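Summary of structural features
Chain by chain, the residues:
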Amino acid sequence: MAACICSRSGFPAFRRSSFPCHGKVFSPSVHLVPRFTVPQCSTVIRESSSGQSQHSEKYCLDLVRVRDYEGFICSLLMPVALRRSSIALRAFNVELAQVKDAVSQKTIGLMRMQFWKNAVEDIFRDEPPHQPVTAELWRAVKKHSLTKRWLLRIIKEREKDLDDRAYRSLPELESYSENTQSSLLYLLLESLGVKDVHADHAASHIGKAQGIVTCLRATPYHSRRRRVYLPMDICMLHGVSQEDFIRGSREQKVRDMVFDIASQAHVHLHHARSFSKNVPLNASPAFLQTVALEDYLERVRRVDFDVFHPSLQKRNPLLPLQLYIKSWKRTY
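Residues numbered from 1 in each chain as written. Predicted model: local features only at pLDDT ≥ 70, side-chain atom pairs only at ≥ 80, totals over all residues. Heavy atoms only, no water.

So, the nonpolar core
Soluble globular proteins tend to bury their nonpolar side chains together. Ranked by size, the top nonpolar core spans 91 residues in total, and within it F92, F245 and F287 carry the most contacts. Among all residues touching F92, those that are not within four sequence positions of it are W116, V120, V133, L137, L151, I154 and I155. (Core = buried A, V, L, I, M, F, W, Y, C linked by side-chain atoms within 4.5 Å. Buried < 20%, exposed > 50% of the residue type's maximum accessible area, 1.4 Å probe, protein only. Contact = heavy atoms within 4.5 Å.)

Regarding the packing of helix α4 (residues 83–97) against helix α9 (residues 170–191)
Across the interface, α4 lies against α9 with an axial gap of 10 Å and an inter-helix angle of 160°. Taken together, the axes of α4 and α9 lie roughly antiparallel to each other. When the axes of α4 and α9 are compared, the crossing they make is right-handed. Taken together, the residues of α9 that come into contact with α4 (itself represented by S86, L89, R90 and N93) are Q181, L184, L187 and L188. Along the lines of polarity and charge, the residues of the contact of α4 with α9 split into 4 nonpolar, 3 polar and 1 charged. (Axes fitted to C-alpha atoms, helices over the stretch in contact; angles between N-to-C directions. Helix = DSSP H or I, 4+ residues; strand = E, 2+ residues; numbered from the N terminus. Parallel < 35°, antiparallel > 145°, perpendicular 65-115°, else oblique. Left-handed = near helix turned anticlockwise from the far one by under 90°. Nonpolar A, V, L, I, M, F, W, Y, C, P; charged D, E, K, R; others polar.)

Thoughts on the packing of aromatic side chains
Across all of its chains, the model carries 7 aromatic pairs by this definition. Arranged with centres 5.8 Å apart and planes meeting at 75°, the rings of F92 and W116 form a pair that is edge-to-face. In this pair, F92 is assigned in helix α4 and W116 in helix α6 (residues 106–123), connecting sequence segments 24 residues apart. By relative accessible area, which is 0% here, F92 ends up buried. The interplanar angle of 80° and the centroid separation of 5.2 Å between the aromatic rings of F115 and W116 together place this pair among those described as edge-to-face. (Phe/Tyr/Trp six-rings, centres within 6.5 Å; stacked < 30°, edge-to-face > 60°.)

Looking at the pattern of salt bridges
The tally for this structure, following the rule as stated, stands at 30 salt bridges. Linked by salt bridges that have partners in common, K100, D101, D161, D164 and R227 make up one network. (Salt bridge = Lys/Arg side-chain N within 4 Å of Asp/Glu carboxyl O.)

Some words on unusual backbone geometry
For D126, which is not glycine, the phi torsion reads 60° and is therefore positive. Here D126 shows up in the loop between α6 and α7 (132–144). Taking the relative accessible area as the measure of exposure, D126 reaches 41% and is therefore partly exposed. Positive phi is not limited to glycine here, since D164 has a value of about 60°. Along the chain, the position of D164 falls in the loop between α8 (148–160) and α9.

Below you can see the structure in the form of structure tokens.
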């Protein structure tokens, strides 16, 4: 294996210093009974349905705001008519992502994944389960004719991830990212009405970059719970053990390993942006996540790839502004 992942992927290696990067009750008196019209049954049903719809929308909004803040901001910057659908898709993704941490036994996790498989099938039969996220997802599917394959692909990949083990190699992490994060981007492109091969290529690379960055960002959280998911082939390349991460080591060999992994995420961002001249302008809202990815890669570079540095655990207060500017420019 080559010493630098960037070189291995065909992208020239670069030095660290140049790393670019949610009344009254009336008595039945003949004199006091007010005159009123009893609403028709259809009116009552519509009002009830409207109330349930508002509850489902608020539930998804709150879920994404708490669990996927960057995705929440990106959704708010989508065209007005598409924001609700974007929130629904991200809420669906969050529900699946948190299954692994929410269950203590794999069997229970598999049962939850089976619920979501059945739910997607029911949604495409116009029989969504009475659950806020499935209700909003059904609405998005009907409005934009979303592809069932992408939804099921996310579920199946998250289901395989319940094995709770480290990725054997960086390509395995990239494959997982493609099947989850990229699939979500394909659905967002569909909601925007974009059918373009260049946009699909960009989405593929952005999804892989996001999966890699997410794995890096979550390392301190997982390490505190004695779990390490970083690719084992890169660990072995640098002589880093899982115990190094569990004890929060900030040794040079750990930083070198993080540098290699972060470099690969940067390579994917570079490839995604190489398609920008051919990607339709109306696809750019789906790719706003690149701003957050580049922000993390730049911040981790500034601390010399110390993934445990306290500054990396803080939210960038300028990120919403940076996202807005990128949205206004209609670029990614």
